[in-house]
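Given next are the chains, with one letter for each unit.
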Amino acid sequence: MSLIVQKYGGTSVGTIERIQAVASRVAESHRAGQQLVVAVSAMSGETNRLIGLAKEIDEHPSSREMDVLVSTGEQVTIALLCMALNNIGIEARSYTGGQVRILTDDAHGKARIKEIDSHRLQDDLNAGFVVVVAGFQGTDEKGNITTLGRGGSDTTAVALAAALEADECQIYTDVDGVYTTDPRVVASAQRLDKITFEEMLEMASQGSKILQIRSVEFAGKYNVPLRVMSSFEEGPGTLISLEEDDQMEKPVVSGIAFNRDEAKLTIRGIPDQPGVAYKVLGAISDANIEIDVIVQNVAKDNSATITFTVHRDDLAAAQKLLTQIAADLGAKEVDADDAIAKISIVGVGMKSHAGVAAKMFKILADEGINILLITTSEIKITVVVEERYLELAVRSLHSGFDLDTSVA
Ligand code: ADP
Ligand code: ASP
Ligand code: MG
């Protein structure tokens, strides 16, 4: 008998009708003889609504209380789904993260799963129940409720699949798989039948919010076969797996990811001497601000310029700190820009092809798009451009690298 973990996202459980449709799908798999653990998100919009309520009281509420609040969304959907299942004759039991004993660290709002006690779930499965688990949440050593970061139900599902050694983890969402780029932005995006963990991890890290980054990391680490599919229509979805099948056939670029979540900071005219990069960037990361792309230049007069990006939410804090650092180091000026976007082309095929970066830069140049920053890794090339060019850049790269569907 196979054991499958299914995860249904916010839109898939967004209304009572949708929850009933999910129940029918779960019932079908159960009747076909599969053991099923189902992880669910809150109804779409609910997590944002809860965050909005908190912000009406306090712009920076306690992170502990925030987790108590936002974890409630998933407690609603697990109960409703079990009721819908019971209603069609399927015995099902719901559990919150704490009840399952999904043990996490104590980093409220971005907790990491340390351990899952799968015994209780396994007993229920053996007794013939469908088990429904609240996504996005766990508890720390002290029993405090924690949450796993936005989109964290994906990670709950993969972690459950790893702990239970499930045969497959199926992520049901509102698109029928992973596409070459976000199909809501580029209409000609194509569904991929397969993508490697390595590529999916870069896509997610570079901004494709289809899967939470941690869920892909987990799936790769524990080799959990992961499939992204639609809860609205039938289809094979996209399988995310280890093998890089047939390198020769592999397109150079498999997908394009982008995001508008970052902002750029520049500090100019720093008297150059060993240790300046450390003094500038070390102070930023000591303040727990994550730095992404970094570029340093030294001018003829020996003064250095350092440009880097941070999450937009951290811009104000980073700018304040940088202004202070500039004064301490005798640097000339600091400026900040949040109207930027980051675009990455990703593909394992890049490992064996030269000239991919040059081609990317040419495509952007032909559209008159100025590149502000560049960074690369073995299987991705990232550029930062002005935000107003984001869609044009993604569309041109998508067609320039032959990713458009052949059907017009
Ligand atoms: P869920 O609520 O089910 O977790 P999400 O909104 O988190 O769903 O993820 C699904 C969305 O991800 C899609 O609606 C799509 O707009 C977006 N998306 C971004 N990049 C991609 C991609 N490369 N392929 C498919 N969908 C993508
Ligand atoms: N409900 C949470 C969120 O909106 C978790 C999830 O949907 O995966 O981020
Ligand atoms: Mg999601």
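Here the structure is shown first, and the text comes after it.
Residues numbered from 1 in each chain as written. Chains lettered and ligands numbered in written order. Predicted model: local features only at pLDDT ≥ 70, side-chain atom pairs only at ≥ 80, totals over all residues. Heavy atoms only, no water.

**Some thoughts on the overall build of the protein chain**
Along the backbone of the protein chain there are 13 helices and 20 strands. A globule of 408 residues ought to have a C-alpha radius of gyration of about 22 Å, and the protein chain, at 23 Å, matches this closely. Counting only residues that meet the buried cut, the protein chain has 50% of its 408 residues in that class. Intrachain contacts of the protein chain at a sequence separation of at least 6 include 74% that bridge at least 24 residues. Carbon and sulfur atoms form 48% of the exposed surface of the protein chain, whose accessible area is close to 18,700 Å². Each charge class in the protein chain can be summarised by its mean position, and for the 38 positive and 59 negative side chains these summaries are 2 Å apart. (Helix = DSSP H or I, 4+ residues; strand = E, 2+ residues; numbered from the N terminus. Rg over C-alpha atoms; globule rule 2.2 N^0.38 Å. Buried < 20%, exposed > 50% of the residue type's maximum accessible area, 1.4 Å probe, protein only. Contact = heavy atoms within 4.5 Å. Areas by Shrake-Rupley, 256 points an atom, 1.4 Å probe, with all protein chains shown as cover. Lys, Arg positive; Asp, Glu negative; His and termini not counted. Charge placed at Lys NZ, Arg CZ, Asp CG, Glu CD.)

**With respect to the sheet that holds strand β14 (residues 262-271)**
Strand pairing in a sheet relies on backbone hydrogen bonds, with the paired strands running either antiparallel or parallel. Strand order in the open sheet formed by four strands is β15-β16-β14-β17, and the pairing between neighbours is antiparallel. Edge positions in the open sheet fall to β15 (291-298) and β17 (333-337), since each of these has one partner strand only. The average angle at which neighbouring strand axes cross in this sheet is 15°, direction not considered. Bridging between β14 and strand β16 (residues 303-311) involves eight bridges; their strand directions are antiparallel. When the sheet's bridge partners are listed, L265 is paired in β16 with F308. (Pairing = 2+ DSSP bridges. Axes fitted to C-alpha atoms, helices over the stretch in contact; angles between N-to-C directions.)

**Quick word on the site of ligand 1**
Taken together, 17 residues form the shell around ligand 1, and within it T173, D174, Y179, D182 and R184 come nearest. The separation between an oxygen atom of ligand 1 and a polar side-chain atom of R184 is 2.7 Å. Note that an oxygen atom of ligand 1 is positioned 3.5 Å from one of the backbone N or O atoms of K209. In the complex, 83% of the free accessible area of ligand 1, which totals 570 Å², lies under the protein chains. Considering only residue class, the shell around ligand 1 consists of six nonpolar, six polar and five charged. (Near = heavy atom within 4 Å. Polar contact = N/O pair within 3.5 Å; in protein donor to acceptor, adjacent residues only side chain to side chain. Nonpolar A, V, L, I, M, F, W, Y, C, P; charged D, E, K, R; others polar.)

**Considerations on helix α7 (residues 153-163)**
Within α7, nine of the 11 residues are buried, which leaves it mostly tucked inside the rest of the structure. For α7, the full list of buried residues reads S153, D154, T155, T156, A157, V158, A159, L160 and A161. Looking one or two places after α7, you find E165, whose phi comes out positive at around 50°.

**Focus: the site of ligand 2**
What surrounds ligand 2 is the set S41, A42, T47, E74, F136, R150, G151, G152 and S153. Within the backbone of G152, a nitrogen or oxygen atom sits 3.3 Å from an oxygen atom of ligand 2. The separation between an oxygen atom of ligand 2 and a polar main-chain atom of S153 is 3.0 Å. Burial of ligand 2 by the surrounding chains reaches 86%, relative to a free accessible area of 260 Å².

**Focus: the nonpolar core**
Counting residues in hydrophobic clusters, the biggest one holds 43 residues, and the most contacted among them are V5, V37, C169 and I240. Examining the composition of this core, we find that five residues originate from one element, α7, more than from any other. Ignoring any residue separated from it by four or fewer positions in sequence, one finds I240 in contact with V178, I195, T196, F197, M200, L211, P225, L226 and V228. (Core = buried A, V, L, I, M, F, W, Y, C linked by side-chain atoms within 4.5 Å.)

**Digging into the sheet that holds strand β13 (residues 255-259)**
The strand order across the open sheet built from four strands is β13-β18-β20-β19, with neighbouring strands paired in antiparallel fashion. With one partner strand each, in any of the chains shown, β13 and β19 (371-377) form the two edges of the open sheet. On average, adjacent strands in this sheet sit at an angle of 20° to one another, irrespective of strand direction. Running at roughly 20° to strand β20 (residues 380-386), helix α12 (residues 356-366) makes contact with β18 (340-346), β19 and β20 of the sheet. Contacts from helix α13 (residues 390-400) reach β13, β18 and β20, with the element oriented near 15° to β18.

**Here we look at empty space enclosed by the protein**
The method is simple in principle: a probe with the dimensions of a water molecule rolls over the atoms, and the space it marks as empty is what remains. Under the counting rule described, the total for this entry stands at one cavity of 30 Å³ or more. Quantified by volume, the largest cavity comes out at close to 30 Å³. Contributing to the lining of the largest cavity are A111, R112, I113, L148, T155, Q212 and R214. Here the lining of the largest cavity is composed, by residue class, of three nonpolar, two polar and two charged. (1 Å grid on protein atoms, 1.4 Å probe; cavity = no way out; pocket = protein on both sides within 12 Å on 5 of 7 lines; lining within 4 Å. Points joined across faces, edges and corners; volume = space filled by probe spheres on them.)

**Description of the side chain of E168**
By secondary structure assignment, the location of E168 is in strand β9 (residues 168-173). A polar atom in the side chain of E168 sits 3.2 Å from the side chain of Q170. Within the local environment of E168, its side chain forms a polar contact with the side chain of R227, the two groups lying 3.0 Å apart. What E168 contacts, discounting residues up to four positions off in sequence, is L3, I4, V5, P225, R227 and L239.

**Notes on the pattern of salt bridges**
Taken as a whole, this structure holds 22 salt bridges when the rule is applied. With a shortest N-O distance of 2.8 Å, D154 and K7 are connected by a salt bridge. One end of the pair, D154, is in helix α7; the other, K7, is in strand β1 (residues 3-8), and 147 residues separate them in sequence. By the burial criterion, D154 is buried, and K7 matches it. Among the salt bridges present, the one from R268 reaches D335, with a minimum N-O distance of 2.7 Å. Of the two residues, R268 is situated in strand β14 and D335 in strand β17; the sequence distance between them amounts to 67 residues. Connected through salt bridges with shared partners, the residues R260, R312, E387 and E391 form a single ionic network. (Salt bridge = Lys/Arg side-chain N within 4 Å of Asp/Glu carboxyl O.)

**Considerations on the packing of aromatic side chains**
Inspection of the entire model under this criterion finds two aromatic pairs. Aromatic pair Y8 and Y172: ring centres 4.7 Å apart, planes at 10°, arrangement stacked. Placement of the pair is Y8 in strand β1 and Y172 in strand β9, with a sequence separation of 164 residues. Assessed through its relative accessible area of 0%, Y8 is described here as buried. Cation over ring: R18 sits above F232, and NZ or CZ is 3.7 Å from the ring centre. When the ring centre of F129 is taken as origin, the NZ or CZ atom of R93, which lies over that ring, is 4.1 Å away. (Phe/Tyr/Trp six-rings, centres within 6.5 Å; stacked < 30°, edge-to-face > 60°. Lys NZ or Arg CZ within 6 Å of the ring centre and 35° of its normal.)

Read these as spatial facts, not as claims about activity.
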